[in-house]
Amino acid sequence: MANIFAFAESRGGALRRVAFETVSAARALADASGGGEVHALLAGAAGVAALAAELGKYGADVVIVVEHAGLANTNVEALAATAAERIKSGGYRAAIFSASAQGRDLAPRVAAKLGVSMAGDVTTLELAGDALVVTHPAYAGKVIATLKLTGSPAIVTLRPGARAAVEAAREARVESAQPVSDPAASKLVVKEMVVGGGAKLDIGDAPVIVSGGRGLKSAENFKLVEDLAAAFGNAAVGATRAVTDDGWRPHSDQIGQTGRQVSPELYVALGISGAIQHVAGMRNSRTIVAINKDKDAPIFKVADYGIVGDVIEILPVLTAAVKEARSKG
Amino acid sequence: MKIAVCIKRVPDMETRFKIAASGTAVDEAGLKYDMSDFDGYAVETALQLNEKQGPGETVVISLGPDVVQEQLRKALSMGADRAVQLKADRVPTDGLSIAGALAAELKDGGYDLIFFGRQAVDSANATVGPMTAELLGLPCATAVSTLDIANGRGTARRDLEGAAEIVEFALPAVVTIDEGMPRARYPSLKGIMAAKKKPLEVKPAQLGAESLTLEKMELPPERAAGRIVGEGPGAVPELVRLLHTEAKVL
Amino acid sequence: MQDLFDIDSALSEEERAVRASVRQFVDERILPIIGDCYIEGRFPKEIIPGLAELGVLGANLPEEYGCAGLNNVAYGLIMQELERGDSGIRSFASVQGALVMYPIFAFGSEEQKKEYLPKMAAGEIIGCFGLTESDYGSNPSGMITMANEQADGSWVLNGGKMWITNGSQAKIAIVWAKTNGDPSDKSIRGFIVPTNTPGFTAKDQKGKLSLRASDTSELVFQDVRLPKDAILPKSGGIKSPLMCLTQARYGISWGVIGAAMACYEEALDYSKSRVMFGKAIGGFQLQQQRLAIMLTEIVKAQLVSLHLGRLKDSGKFTPQQVSFAKRNNCDIATNVAREARRLLGANGILAEYGAMRHMANLESVYTYEGTHDIHTLILGQAVTGLSAFT
């Protein structure tokens, strides 16, 4: 029987989907240990306590609520001190954070405060005797590493989306707590939140590439491709040679034999037939999605998922759906 | 300013990796190595800061066996002033162990800034930078895409999922460098010659005990045959569902 | 490409670092644009500042003149990597370094070296080399371009040159001319000629089907007046320009390996991804034979040039050895490119792939700086002691 700690991430007074994922993953571990409790830490400005019940729905037995005006935005030093203190006093077997931008910022500091190591960006986790065994995609997702955490507690960040949040409803007990260190005394503070912002990524580095071919029909229609990239937030726009030759996109965006060779986590081919010259530049992508009018187009041979249809018609719908999925994340 | 940049030697990620016979490493035969991409940006950022803000020192540090000297030399040929190898038979899996050795080297160095890449592109744990900051009691801005340093304070942008935050911090500080920061320059041929004469100090790494160990490495399952999800806009919800739950890329 | 013979172990860390830096530059700045430049028949001038910043121009000349001071093996590796991009780019660098900076370094006065070399290393001054004439290619000693010294010590130059790489973009030309009416090749001297001097004209040679991403021009000199100090004081006789050619040919022997490597790598990659009759064509014996031969010839060429570089660095290399390397390596590179083009099938004729571009380029490289046949005669003479030139 082991109690498990989960960090419940919120932003702007709302829980993020990753909060349910960490709580749900903690629930599964606690159950597997023979029925321990899940304690979730929820921090934010006044009023955040109202979100505690939602965490109960996914299996939190206790929600530790830290309300403080200084926590309206992320305050990593105060959060790390508070979480570390709680994890230490709570005697947890494991502590789960999300491998989100916030979780990746916070968890290593907590681990270092506690003097234990941690595993980052894990996709599965299970208890094995005194240890926690996790898997983690490494080498740009080309290798799966199995790692063993023998420290106590075992700290991980969980890859967003790696496990769906599963409902395990219960009435969560709410405990109030104060930040262990004064947020105002932190050496690093958030001055401003920029909503919807994302830096322009290069196709060589972006985890997601949305790429257009002649099927887009005009340079203007690339606006639809850019919209989809913006909806992903971590995407860059690529193009086929035909498109760059026609001057619809700059040559630097060309993917293929003579252009750039890319291997993102997700490659979305829009109105691209899949000529061998193009495929040579993107076939090592981890997941490939193709949308094309012609059901016999060669791109469907390399794609994991395909939709047959008019890309101009499908794009706005896809952009809206991605936007929605991302905002929940 | 005195800036330290911690860099890691990693294989070229464009490789089709094979697993070594041990089952706990990738097969090193034929691999090409370079410094991790983000670490290259970090070196570049440090060099540009010191070039712009007048006299300073850029020190590059790498932990590992003697082969890491190749990447240290590359950083020197880009323009770093000196290098330190924290010598170890191998790079530990345990990030805290690495952070401990780095912190021991950095703590009395008098650095204004300590840079890391946001993560090593091979192990992809993203833990060593912030752990080192914690051990040194320094503020840490992770995964920054812009950075301004003025009057002993730093301002940086961190890109979050669908948002960004602008953070402000006091120096000395640790900063981990993400996309958006300048790409590493090409080492000039003169720089390569000059690097031969720059100091590269070798010290034993003070590694702590490890509580994270590597049990196994394997290739991901073969890609399943592709499938047509459906036709027209009506197929979008199913596609998004599959990307989220099956491919786990959304 | 895969280093089957572990040739890298014979390179120093600096040599490998030089190669890595130039390789990255070529991958990122040249390969994405070169196919289009070729079709447009345009030399990509925009890469000159980058090449200069990297330090490839005159890289084996001393640091005191603003150069990188590299050894000759590192210099050869630079040529290899540039030509992996395109022979036209390597030709640009060869001309600038070995045919313009080198003669200024070897035959120029201290003032000339200080005035020109740093600016040429920085890419601020581009140069060209005028030796070949329309009727005197393989036999430069027959040249008719003439410079006559005037009473005040200045010179007046008349004549013309053909097949001049960088000719239309150059700020200075190194022009080789006979002097003072003397028809003997002993009277040949080198001159630094600013291309804006009245009477100097350069015009592009049109209709090239090779080296399309390189400027090739015809130069005409009509009563071009040059100051006293335009002459390269230490030049004298046909031997001087031939010394320059030996430098350039050395670089060419390395460069063409790069073109061959690009073709081999492209063919290998294609053979593994192109499926025909239900399997990758790399699985068919005929293609494997092609690849095995390409690899073998490339490795042999690499070993020849590497050894030649070590000889050059130790001051022991001979022009005959350079002829050997230039002759062999251009020949095998031309064959590798052709075989790669064939392996690529119909795709091989597209500019999207490099093979046909390299193949067409290499026909020029096979021909310039001493044709294949001339180098054959040089080797023939070296082993028999008998001249077969005339």
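Conventions used here
Residues numbered from 1 in each chain as written. Chains lettered and ligands numbered in written order. Predicted model: local features only at pLDDT ≥ 70, side-chain atom pairs only at ≥ 80, totals over all residues. Helix = DSSP H or I, 4+ residues; strand = E, 2+ residues; numbered from the N terminus. Contact = placed C-beta atoms within 7 Å. Rg over C-alpha atoms; globule rule 2.2 N^0.38 Å. Axes fitted to C-alpha atoms, helices over the stretch in contact; angles between N-to-C directions. Parallel < 35°, antiparallel > 145°, perpendicular 65-115°, else oblique. Left-handed = near helix turned anticlockwise from the far one by under 90°. Nonpolar A, V, L, I, M, F, W, Y, C, P; charged D, E, K, R; others polar. Pairing = 2+ DSSP bridges. Buried ≥ 20, exposed ≤ 12 C-beta atoms within 10 Å, placed from the backbone. Expected span 1.5 Å × (residues − 1). pLDDT = per-residue confidence, 0-100. Core = buried A, V, L, I, M, F, W, Y, C linked by C-beta atoms within 7 Å.

Here the focus is the overall build of chain A. A count of helical and extended segments in chain A gives nine helices and 18 strands. Judged by the C-alpha coordinates and their principal axes, chain A covers about 65 × 40 × 35 Å. Contacts in chain A between residues at least 24 apart in sequence constitute 65% of all its contacts with a sequence separation of at least 6.

Glancing now at the overall build of chain C. Of regular secondary structure, chain C possesses ten helices and nine strands. Expected size for 390 residues packed as a compact globule is a radius of gyration near 21 Å; at 21 Å, chain C falls within 12% of this value. Across its three principal axes, chain C shows a C-alpha extent of roughly 80 × 45 × 40 Å. When contacts within chain C are restricted to residue pairs at least 6 apart in sequence, long-range pairs at least 24 apart make up 75% of them.

Here we take up the packing of helix 6 (residues 239-273) of chain C against helix 9 (residues 355-367) of chain C. All names here are of chain C. One way to put it is that helix 6 packs onto helix 9 with a least axis distance of 10 Å and a crossing angle of 160°. Between helix 6 and helix 9, the interaxial angle falls into the category roughly antiparallel. Like other packed secondary-structure pairs, helix 6 and helix 9 cross with a definite hand, here left-handed. Of the residues in helix 9, those in contact with Ile 252, Val 256, Ala 259, Ala 262, Cys 263, Glu 266 and Ala 267 of helix 6 are Ala 355, His 358, Asn 361, Leu 362 and Val 365. Counted by class, the contact of helix 6 with helix 9 contains nine nonpolar, two polar and one charged residues.

Attention shifts here to the sheet that holds strand 13 (residues 227-231) of chain B. Taken together, six strands build an open sheet; the order of strands is 15(A)-14(A)-16(A)-17(A)-18(A)-13(B) and the sheet is parallel. Looking at strand neighbours, the two that pair on one side only are strand 15 (235-239) of chain A together with strand 13 of chain B, the edges of this open sheet. The average angle at which neighbouring strand axes cross in this sheet is 20°, direction not considered. Bridge analysis of strand 17 (residues 287-292) of chain A against strand 18 (residues 305-308) of chain A gives four bridges, and the strand direction is parallel. Looking at strand 18 of chain A, one finds that Ala 290 of chain A is bridged to Gly 306 of chain A. In the packing of helix 6 (residues 236-245) of chain B onto the sheet, contacts are made with strand 17 and strand 18 of chain A together with strand 13 of chain B, and the angle to strand 13 of chain B comes to roughly 145°.

Moving on: the environment of Ala 8 of chain A. Residue and element names in this part refer to chain A. Considering the arrangement of structural elements, one finds Ala 8 in strand 1 (residues 4-8). Accessibility expressed as a C-beta count within 10 Å gives 29 for Ala 8, which makes it buried. Beyond its immediate sequence surroundings of up to four residues, Ala 8 is in contact with Leu 15, Ala 19, Thr 22, Val 23, Ala 40, Leu 41, Leu 42 and Leu 55.

Our focus in this paragraph is helix 10 (residues 372-384) of chain C. Between the first and last C-alpha of helix 10 of chain C there are 18 Å, a value that for 13 residues agrees with the 18 Å anticipated at 1.5 Å per step. Gly 385 of chain C lies just past helix 10 of chain C and shows a positive phi near 80°.

The peptide bond linking Ser 152 of chain A to Pro 153 of chain A adopts the cis configuration, its omega dihedral lying at -5°. Here the residue pair Leu 171 of chain B and Pro 172 of chain B is connected by a cis peptide bond, since its omega of -5° sits within 30 degrees of zero. The topology assignment puts Pro 172 of chain B in the loop between strand 9 (163-170) and strand 10 (173-177).

When the parts of a complex come together, some accessible area is lost, and that lost area is often used as the size of the interface. Taken residue by residue, the interface counts 16 residues in chain C and 13 residues in chain B. Taken together, the elements giving at least two residues each to the side of chain C that touches chain B come down to helix 1 (13-40) and helix 2 (48-54) of chain C. Per element, the largest residue contribution to the side of chain C that touches chain B is seven residues, and it comes from helix 1 of chain C. Here the residues of the side of chain C that touches chain B sort into eight nonpolar, five polar and three charged.

Next up on the list: the pairing of strand 1 (residues 127-130) of chain C. All names here are of chain C. A two-sided burial pattern is seen for strand 1, the buried positions comprising Gly 127 and Phe 129 on one face and Cys 128 and Gly 130 on the other. In this structure, strand 1 lies alongside strand 4 (residues 172-179), joined through four bridges in parallel fashion. Note on strand 4: the bridge partner recorded for Gly 127 is Ile 172.

Quick look at helix 4 (residues 101-114) of chain A now. Residue and element names in this part refer to chain A. Its 14 residues place the ends of helix 4 21 Å apart at the C-alpha level, agreeing with the 20 Å of an ideal helix rising 1.5 Å per residue. Along helix 4, 13 of the 14 residues are buried, which leaves the element largely enclosed by surrounding structure. Note on helix 4: the residue one or two positions beyond its end, Gly 115, has a positive phi of about 70°.

Residue and element names in this part refer to chain B. For strand 10, a buried count of five out of five residues is recorded, marking the element as mostly surrounded by other parts of the structure. Side-chain alternation along strand 10 places Ala 173, Val 175 and Ile 177 on one buried face and Val 174 and Thr 176 on a second face that is also buried. Direction of pairing for strand 6 (residues 113-117) relative to strand 10: parallel, over a ladder of five bridges. Residue pairing across strands places Phe 115 opposite Val 175, the latter belonging to strand 10. Of the strand pairs in this sheet, strand 7 (residues 140-150) and strand 10 are connected by three bridges, and their pairing is parallel. Paired with Val 144 across the two strands is Ile 177, which belongs to strand 10.

Attention now moves to the sheet that holds strand 6 (residues 94-98) of chain A. Residue and element names in this part refer to chain A. The seven strands are arranged 7-11-6-1-4-5-12 in an open sheet whose pairing can be described as parallel. Only two strands of the sheet have a single neighbouring strand rather than two, namely strand 7 (118-122) and strand 12 (173-177). When the angles between neighbouring strand axes are averaged without regard to direction, this sheet yields 20°. Inspection of the sheet shows strand 6 paired to strand 11 (residues 154-158) by five bridges, in the parallel sense. Counted as the bridge partner of Ala 95 is Ile 155 from strand 11. Most of the contacts of helix 1 (residues 17-32) go to strand 1, to which it runs at about 175°, and overall it touches strand 1, strand 4 (38-44), strand 6 and strand 11.

Across the boundary between the two partners, chain B contributes 72 residues, which contact 75 residues of chain A. Among the secondary structure elements, those contributing two or more residues to the side of chain B that touches chain A are helix 3 (95-106), helix 4 (128-136), strand 7, strand 8 (153-160), strand 9, strand 12 (212-218), strand 13 and helix 6 of chain B. Considering every element that reaches the side of chain B that touches chain A, the biggest residue donor is strand 9 of chain B, with eight residues. By residue class, the composition of the side of chain B that touches chain A is 39 nonpolar, 16 polar and 17 charged. With four bridges connecting them, strand 18 of chain A and strand 13 of chain B associate as parallel partners. In the strand pairing of strand 13 of chain B, Ile 307 of chain A is matched with Gly 230 of chain B.

In this section: the packing of helix 1 of chain C against helix 3 (residues 72-85) of chain C. Residues and elements named next belong to chain C. Close contact between helix 1 and helix 3 brings their axes to 8 Å; oriented N to C, the two are set at 20°. Between helix 1 and helix 3, the angle falls in the class roughly parallel. Crossing hand, helix 1 versus helix 3: right-handed. Taken together, the residues of helix 3 that come into contact with helix 1 (itself represented by Glu 14, Glu 15, Val 18, Arg 19, Val 22, Arg 23, Val 26, Ile 30, Leu 31 and Ile 34) are Val 73, Ala 74, Leu 77, Ile 78, Glu 81, Leu 82, Arg 84 and Gly 85.

Before going further, it helps to examine the confidence of the model for chain A. Mean pLDDT over chain A: 91, with 98% of residues reaching 70 or higher. Here helix 7 (residues 276-282) of chain A stands out as the element of chain A with the lowest mean pLDDT, 83, in contrast to strand 1 of chain A, whose mean of 98 is the highest.

All right, on to the confidence of the model for chain C then. This prediction gives chain C a mean pLDDT of 96; 100% of its residues lie at or above 70. In the predicted complex, the global pTM is 0.86; the interface-specific ipTM is 0.91.

Moving on, we get to the nonpolar core. Counting 261 residues, the largest nonpolar core has Phe 191 and Ala 260 of chain C as its most contacted members. When residues in this core are grouped by element, the largest group, 16 residues, is from helix 6 of chain C. Discounting chain neighbours no more than four positions away, the residues touching Ala 260 of chain C are Ile 298, Ile 332, Ala 333, Val 336 and Ala 337 of chain C. Among the nonpolar cores identified, the runner-up in size contains 53 residues, and Leu 216, Trp 248, Ile 307 and Leu 315 of chain A belong to it.

On to the environment of Asp 6 of chain C. Secondary-structure assignment places Asp 6 of chain C in the segment before helix 1. Residues Asp 6 of chain C and Val 299 of chain C, 293 residues apart in the sequence, show an inter-C-alpha distance of 9.9 Å.

Quick look at the environment of Asp 105 of chain A now. Position of Asp 105 of chain A relative to the elements: it lies in helix 4. With 28 C-beta atoms packed within 10 Å, Asp 105 of chain A lands in the buried category. Considered as a pair, Asp 105 of chain A and Ala 80 of chain A are 25 residues apart in the sequence and their alpha carbons are 9.3 Å apart. Dropping the residues within four chain positions of it, Asp 105 of chain A is found in contact with Val 76 of chain A together with Pro 130 and Thr 142 of chain B.

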